[in-house]
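Each chain is listed here by its residues.
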Amino acid sequence: MKAPVDDADAVRAIARGDDAALGALYDRYGRPCYAFALRMLGSERDAEEVVQETFLRAWRSAAAYDPGRATVAGWLLAITRNLCVDELRRRRRRLPAATIEDAAPLAADDRTDSAAERAIDAERVRAALASLPGEQRSAIELVYYHGLTSSEVGRLLGVPAPTVRSRLRLGLLKLAGILSPGDDRP
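Structure report, in brief. From a predicted model like this one, the values you see are computed outputs, not experimental measurements. (Residues numbered from 1 in each chain as written. Predicted model: local features only at pLDDT ≥ 70, side-chain atom pairs only at ≥ 80, totals over all residues. Heavy atoms only, no water.)

**Quick word on the packing of helix α4 (residues 72–94) against helix α7 (residues 150–157)**
Reasoning step 1: It is at 6 Å that the axes of α4 and α7 come closest, and there the two elements cross at 100°. In terms of their interaxial angle, α4 and α7 are classed as roughly perpendicular. In this structure, α4 contributes Ala 73, Gly 74 and Leu 77 to the contact, and α7 contributes Arg 155, Leu 156 and Leu 157.
Reasoning step 2: When grouped by side-chain class, the residues that make up the contact of α4 with α7 number four nonpolar, one polar and one charged. (Axes fitted to C-alpha atoms, helices over the stretch in contact; angles between N-to-C directions. Helix = DSSP H or I, 4+ residues; strand = E, 2+ residues; numbered from the N terminus. Parallel < 35°, antiparallel > 145°, perpendicular 65-115°, else oblique. Contact = heavy atoms within 4.5 Å. Nonpolar A, V, L, I, M, F, W, Y, C, P; charged D, E, K, R; others polar.)

**Remarks on the packing of aromatic side chains**
Reasoning step 1: All chains considered together, the criterion is met by two aromatic pairs.
Reasoning step 2: Ring centres 5.0 Å apart and planes at 70° place the aromatic pair Tyr 26 and Phe 55 in the edge-to-face group. Of this pair, Tyr 26 sits in helix α2 (residues 19–41) while Phe 55 sits in helix α3 (residues 44–61), placing them 29 residues apart in sequence.
Reasoning step 3: Here Tyr 26 falls in the partly exposed class, since its relative accessible area comes to 42%.
Reasoning step 4: Ring centres 5.0 Å apart and planes at 50° place the aromatic pair Tyr 65 and Trp 75 in the tilted group. A residue pair is termed long-range when its members are at least 10 positions apart, and Tyr 65 in the loop between α3 and α4 and Trp 75 in helix α4 qualify at 10 residues.
Reasoning step 5: Exposure remark for Trp 75: the relative accessible area of 14% places this residue in the buried category. (Phe/Tyr/Trp six-rings, centres within 6.5 Å; stacked < 30°, edge-to-face > 60°. Buried < 20%, exposed > 50% of the residue type's maximum accessible area, 1.4 Å probe, protein only.)

This is a description of form; function is not addressed.
Spelled out as structure tokens, the structure:
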């Protein structure tokens, strides 16, 4: 059977068991999903496993895909992102729990509150990001945390690059409002 040209048609064909359609989708989105996973995980082996699992899940859940909720690229990227987050959580659980006795004492010159302030700021930014609408949050995360360009994000999400830039601008303005000095700092 000839592989469908349209992404949504490809997903419908996958739901019917057409493995050629899955191959066509992999050919289109395997590399962007891999690049995204590699940036998140920093490991080629883990990124390859995530991409393999992404397309396995796409195969299994193709019938549940709703084109009204996301583009096919956005759907695949969301699967990839969720798998990367799961892997990062697994990594954290595998790390041995450090105790205060394990910590090396800092030199007197290095003992400042700046590390604690950075940690607090990082947590505030994470919480603020979580409060943004999904489209804005995704754009910011992909550009600022994963180093993608607005054109790359646009291709992954199936939207024009100017739309990505608009989402970035709106999201950053909302972040600025949420994180403005004096809102909840001592």
